Amino acid sequence: MTPADPPTPATAPRPAPTAAAEAAEAAEAGAGAADDLERALLELRALGRSAVARYRGHCGRAAAPVEELAGGPAAVPAAAARLAGRARSTVEVILAVDAGSGLAAGADALLAAAGPAVRVRVLCSPRTAAAGRRAGAAAPAEVDLRVGRVRALDAVVADGRVALTRSDDGGAGSAIVVRSGPVVRAVADLFDGVWRGAPPAPDPIDLGGPDRAAFAAQVLRLLYAGYPDEAAAQELAVSVRTYRRHVAEIVAAVGARSRFQAGMRAAAAGLLPPPQ
């Protein structure tokens, strides 16, 4: 007799994913989409620099598919506002560079230029969220604002047909205008991928007047960096008791339940000062 095959062990049911696991998976997917978008914009910048010479002098009066923006970085905010003003249906904006430069410096004019019937989506970095929120509140169009992992490249896409992108390299001519339909649509599709995984911008956090807010930002920086109380107090030239009092007030002001959560919320809201 042929021996019977051993019974196949029952497969244990896979546990349902936890909320934390789902959140981690979504964050990983969002980070991957953000990396893809940044790579595309970097490639777009490289394409612009190589294509400008190719098209220069060969297009006559017709607009070139890729061209360098005349006037250097100083001309970028006005050019972005003109692009938004000509849009008829959608404007997608990436405000990645710190608020003192790049498109964030001209965010008020940029978003004010979009007509009231235009759908405006703004993807900010944590450090540009405040500028985006302020500009969006005053814009005639309804502005949807989210915070994503975008770093050193600004961009505006109008009606999925024309894109302007600028990097934070500080060099003249670092902005290009792209009218190539397939290229612009590819960037718009990648924007959508990052957008889906990005959370809405957090509500503004009031830390008091300018002096108090600046001191609170330094405290939050030390909290976020994990400084012990004694070292943080020494860094800020205050007593440990005074430092702890400030920490308790700030944790309450940002609506956090712990110091760690306060630091994370501050980072998400763009309240942390640049590293020294």
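Residues numbered from 1 in each chain as written. Predicted model: local features only at pLDDT ≥ 70, side-chain atom pairs only at ≥ 80, totals over all residues. Heavy atoms only, no water.

Draft legend 1. Structural context of the nonpolar core. Counting residues in each nonpolar core, the largest one holds 32 residues, and the members touching the most others are V91, V93, L111, V120, V122 and V156. At five residues, helix α2 (residues 76–86) tops the list of elements feeding residues into this core. In terms of nonpolar packing, the next biggest core, distinct from the first, is built from 17 residues, L222, I250, V254 and A256 among them. (Core = buried A, V, L, I, M, F, W, Y, C linked by side-chain atoms within 4.5 Å. Buried < 20%, exposed > 50% of the residue type's maximum accessible area, 1.4 Å probe, protein only. Helix = DSSP H or I, 4+ residues; strand = E, 2+ residues; numbered from the N terminus.)

Draft legend 2. Fine view of the packing of helix α7 (residues 210–225) against helix α9 (residues 240–253). Relative orientation of the contacting elements α7 and α9 amounts to 95°, with a least axis distance of 10 Å. Comparing their axes, α9 and α7 come out roughly perpendicular. Listed contacts from α9 to R212, F215, A216, V219, L220, L222 and L223 of α7 are Y243, H246, V247, E249 and I250. Its residues placed into classes, the contact of α7 with α9 shows nine nonpolar, one polar and two charged. (Axes fitted to C-alpha atoms, helices over the stretch in contact; angles between N-to-C directions. Parallel < 35°, antiparallel > 145°, perpendicular 65-115°, else oblique. Contact = heavy atoms within 4.5 Å. Nonpolar A, V, L, I, M, F, W, Y, C, P; charged D, E, K, R; others polar.)

Draft legend 3. Spatial organisation of a nonpolar patch on the surface. A surface patch of nonpolar side chains, amounting to about 360 Å² of accessible area, comprises Y224, F260 and M264. On the accessibility criterion, Y224 (46% relative accessible area) is partly exposed. (Patch = residues over 30% accessible without salt bridge, like charges linked within 9 Å, V, L, I, M, F, W, Y side chains within 5 Å. Areas by Shrake-Rupley, 256 points an atom, 1.4 Å probe, with all protein chains shown as cover. Salt bridge = Lys/Arg side-chain N within 4 Å of Asp/Glu carboxyl O.)

Draft legend 4. Here's a closer look at the environment of I94. Tracing the backbone through its elements, the reader meets I94 in strand β2 (residues 90–95). Take I94: its relative accessible area is 3%, and that puts it in the buried class. Placed 54 residues apart in sequence, I94 and G148 show a C-alpha to C-alpha distance of 9.5 Å.

Draft legend 5. View of the confidence of the model for the protein chain. A residue-level look at the protein chain finds 68% of positions with pLDDT of 70 or above and a mean pLDDT of 75. The low-confidence segment residues 51–62, where pLDDT is below 50, has nine contacts with residues more than four positions distant or belonging to other chains. (pLDDT = per-residue confidence, 0-100.)

Draft legend 6. The arrangement of the pairing of strand β7 (residues 175–178) in detail. By the alternation rule, side chains of β7 split into A175 and V177 and I176 and V178, which are all buried. The pairing of strand β1 (residues 66–68) with β7 spans three bridges and is antiparallel. Note on β7: the bridge partner recorded for E68 is I176. (Pairing = 2+ DSSP bridges.)

Draft legend 7. Geometry of the pattern of salt bridges. Counted according to the given criterion, the structure contains eleven salt bridges. With a shortest N-O distance of 3.8 Å, R134 and D108 are connected by a salt bridge. Remark: D108 occurs in helix α4 (residues 107–113) and R134 occurs in helix α5 (residues 129–138); sequence separation between them is 26 residues. Look at R134 and you get partly exposed, because its relative accessible area is 49%. Salt-bridge contacts for E249 lead to R245; the nearest nitrogen and oxygen are separated by 3.6 Å. Taken as a pair, E249 and R245 lie in helix α9 at a separation of four residues, close to a single helical turn. Each of D229, E230, R244 and R259 takes part in salt bridges that share partners, so that together they form one network.

Draft legend 8. Quick look at helix α6 (residues 181–197). Given a rise of 1.5 Å per residue, 17 residues ought to cover 24 Å, and the 25 Å separating the end C-alpha atoms of α6 matches this to within 8%. Within the sequence span of α6, burial applies to V184, V187, A188, F191, G193, V194 and W195. (Expected span 1.5 Å × (residues − 1).)

Draft legend 9. Region of the structure containing the side chain of D159. Of note, D159 is situated in the loop between β5 (153–158) and β6 (162–167). Residue classification places D159 among the buried residues on the basis of a relative accessible area of 17%.

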